[in-house]
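Read off the chains here:
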Amino acid sequence: MTVGARDGAPRQRRDARRNRELLLEAAHEVFTEQGLDAALDVIARRAGVGNATLYRHFPTRAALVDAVFRDSLTGTMDAGERARKAPDAWAGLTGYLEAVFGALAADRGSNDLMTTHLRGVDSLEAVHEHNRRTVDTLLTRLRDEGTVRADVTTEDVLFGLAALGRAVPALTAATAATAAAESADVSAPDAWRRPLALFLGGLRAAPVAAALPAPALTAAELGEVLRELGPHRTRAGDREPRA
């Protein structure tokens, strides 16, 4: 082997590692901004590499998503473990869901992951199952205590949470726009707290007289939320590698 070849191999490996890092950084930024259906071409351009380089490192969208979000999904499972061990089951459930919804509001990609089903993402399959077991464990304790309705099921709760979770980005965007227009000191990412409190209140075996988190949506904000939840055009330039 020539000296040039020996020198070239480590250089190529360093370049490959750097390209992978750039792609992961760019993918996280784009998925956070646009969600998991963001165009892969956009990710490659932001990373400063060609499409072929992206597909060489991540042959499928699922492989890229798994690499980008594996650590944050592990964090969700850690929160679930803490919730299961909480002395107060209701505090464990509410604290866990507040942690999950805080992540859904901060990251559009995480929202897509947690509220939909994307085949081929191994870490996502694991976190969905862990989430189901966490909710099931806490509901069992709460039913035994008589805190929640006896007829509520784990699937009831997971369905309601997924439906509410899908609206979180729209809620955040609508209330953030209002706060910016009014120069108000309002924490727009917390707009999910009020509907989540309403949902959790509906699980209770007996009503609890507690004030809802403020502020409530205005009519204009509700209109913006509904528009944001409407159908979206497929983004141009998105390509998937053939199987």
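Residues numbered from 1 in each chain as written. Predicted model: local features only at pLDDT ≥ 70, side-chain atom pairs only at ≥ 80, totals over all residues. Heavy atoms only, no water.

Chemist: Honestly, the overall build of the chain in this entry has me stumped. Any pointers?
Modeler: Counting its regular elements, the chain contains eleven helices and zero strands. Taken from the N to the C terminus, the helices and strands of the chain come in the order α-α-α-α-α-α-α-α-α-α-α. Expressed as a percentage of contacts within the chain between residues at least 6 apart in sequence, the contacts between residues at least 24 apart total 71%. Just so you have it, the chain exposes about 13,600 Å², and 54% of that area is on carbon and sulfur atoms. (Helix = DSSP H or I, 4+ residues; strand = E, 2+ residues; numbered from the N terminus. Contact = heavy atoms within 4.5 Å. Areas by Shrake-Rupley, 256 points an atom, 1.4 Å probe, with all protein chains shown as cover.)

Chemist: Honestly, the nonpolar core in this entry has me stumped. Any pointers?
Modeler: For soluble globular proteins, nonpolar side chains are generally found buried alongside one another. If you look at the biggest cluster of nonpolar residues, it comprises 52 residues, and the most contacted ones within it are Phe-31, Ile-43, Leu-64, Phe-69, Phe-101 and Leu-196. Once you skip the residues sitting within four places of it in the chain, Leu-196 turns out to touch Leu-97, Glu-98, Phe-101, Leu-161 and Leu-164. (Core = buried A, V, L, I, M, F, W, Y, C linked by side-chain atoms within 4.5 Å. Buried < 20%, exposed > 50% of the residue type's maximum accessible area, 1.4 Å probe, protein only.)

Chemist: It is not clear to me how the packing of helix α5 (residues 89-106) against helix α10 (residues 193-203) should be interpreted in this structure. Could you clarify?
Modeler: The description of two helices packed together rests on the angle between their axes and the distance between the axes. Contact pair α5 / α10: the axes reach a minimum separation of 11 Å and the direction vectors enclose 145°. Crossing angle aside, the handedness with which α5 passes α10 is right-handed. Packed against α5, whose contacting residues are Trp-90, Leu-93, Thr-94, Leu-97, Glu-98 and Phe-101, the element α10 presents Arg-193, Leu-196 and Leu-200 at the interface. When its residues are assigned to classes, the contact of α5 with α10 shows six nonpolar, one polar and two charged. (Axes fitted to C-alpha atoms, helices over the stretch in contact; angles between N-to-C directions. Left-handed = near helix turned anticlockwise from the far one by under 90°. Nonpolar A, V, L, I, M, F, W, Y, C, P; charged D, E, K, R; others polar.)

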